[in-house]
Amino acid sequence: MPVIFASASFSGMAMIDSNPYGNNGNNWFTNQNNFYRQIRNFVLDTTRVAANAGATCIHWQVAQATSITNVVFRMSTANGNGHQGIWMENGSGGFMSDLVFYGGKFGMWVGNQQFTSRNLTFDGCQTAIFMNWNW
């Protein structure tokens, strides 16, 4: 699978951002209306980013008809690191399958509703899944 590396000097919300925040704090899309997005068949790697820096592979603030499939997340394994695989602070629905998370502070930091997931593997994550809220 193709590998996407975050450079050592990476700064920003995430390597892949489905719904960027503007300077005024608003998203490009209303998260519950952010449909038809998919990410599949990649390796996302933040190991070149300093362990104490915040580094996120995917910011996934989406709605229905979305999926993340067959993705490997490689993150720092240092104690107290600030890396996370998926950050999803809100939204509504979608599907995630065949995801593998190595390292990171959080494999997944999620707050969403109506998601279906299967075949998630967590290896060496400080917290596999942190669920901020759900319905």
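One can find the structure itself at the top, above this paragraph.
Conventions adopted
- Residues numbered from 1 in each chain as written.
- Predicted model: local features only at pLDDT ≥ 70, side-chain atom pairs only at ≥ 80, totals over all residues.
- Heavy atoms only, no water.
- Helix = DSSP H or I, 4+ residues; strand = E, 2+ residues; numbered from the N terminus.
- Rg over C-alpha atoms; globule rule 2.2 N^0.38 Å.
- Buried < 20%, exposed > 50% of the residue type's maximum accessible area, 1.4 Å probe, protein only.
- Contact = heavy atoms within 4.5 Å.
- Areas by Shrake-Rupley, 256 points an atom, 1.4 Å probe, with all protein chains shown as cover.
- Lys, Arg positive; Asp, Glu negative; His and termini not counted.
- Charge placed at Lys NZ, Arg CZ, Asp CG, Glu CD.
- Pairing = 2+ DSSP bridges.
- Axes fitted to C-alpha atoms, helices over the stretch in contact; angles between N-to-C directions.
- Phe/Tyr/Trp six-rings, centres within 6.5 Å; stacked < 30°, edge-to-face > 60°.

Peer 1: So what about the overall build of the chain? Which residues, and what values?
Peer 2: For the chain, the helix and strand inventory stands at 0 helices and 10 strands. The linear arrangement of helices and strands in the chain, starting from the amino end, is β-β-β-β-β-β-β-β-β-β. Radius of gyration (C-alpha) of the chain: 14 Å, near the 14 Å computed for a compact globule of 135 residues. In terms of principal-axis extent, the alpha carbons of the chain reach across some 35 × 35 × 30 Å. Here the chain, with 135 residues, has 44% of them falling under the buried criterion. Considering only residue pairs separated by 6 or more positions, the chain has 59% of its internal contacts joining residues 24 or more positions apart. For the chain, the exposed area adds up to about 6700 Å²; of that, 49% sits on carbon and sulfur atoms. Between the centroid of the 6 positive side chains of the chain and the centroid of its 5 negative side chains there is a distance of 4 Å.

Peer 1: Tell me about the sheet that holds strand S9 (residues 115-123), and name the residues and values.
Peer 2: Two orientations exist for strands paired in a sheet by backbone hydrogen bonds: parallel and antiparallel. Reading across the sheet, the 5 strands line up as S1-S3-S5-S7-S9 and stay open at both edges, with parallel pairing between neighbours. At either end of the open sheet lies a strand with only one pairing partner, and these are strand S1 (3-5) and S9. Ignoring strand direction, the axes of neighbouring strands in this sheet form an average angle of 20°. As judged from the 7 bridges shared by strand S3 (residues 38-45) and strand S5 (residues 67-74), these two strands associate in the parallel manner. By the bridge assignment, Phe42 is partnered in S5 with Val71.

Peer 1: Could you give me a rundown of the packing of aromatic side chains, with the residues and numbers involved?
Peer 2: Tallied over the entire structure, the rule returns 6 aromatic pairs. Ring geometry for Phe101 against Phe122: centres 4.8 Å apart, planes inclined by 5°, an arrangement best described as stacked. Highlighted residues: Phe101 in strand S7 (residues 94-102) and Phe122 in strand S9, separated in sequence by 21 residues. When its relative accessible area of 26% is taken as the criterion, Phe122 is described as partly exposed. Pairing Phe106 with Phe130 gives two aromatic rings, centres 5.6 Å apart and planes at 45°, and the pair type is tilted. Here Phe130 lies in strand S10 (residues 127-133) and Phe106 lies in strand S8 (residues 106-111), a separation of 24 residues in the sequence. One aromatic cluster is present, built from ring pairs that chain together Trp87, Phe106, Trp109 and Phe130.

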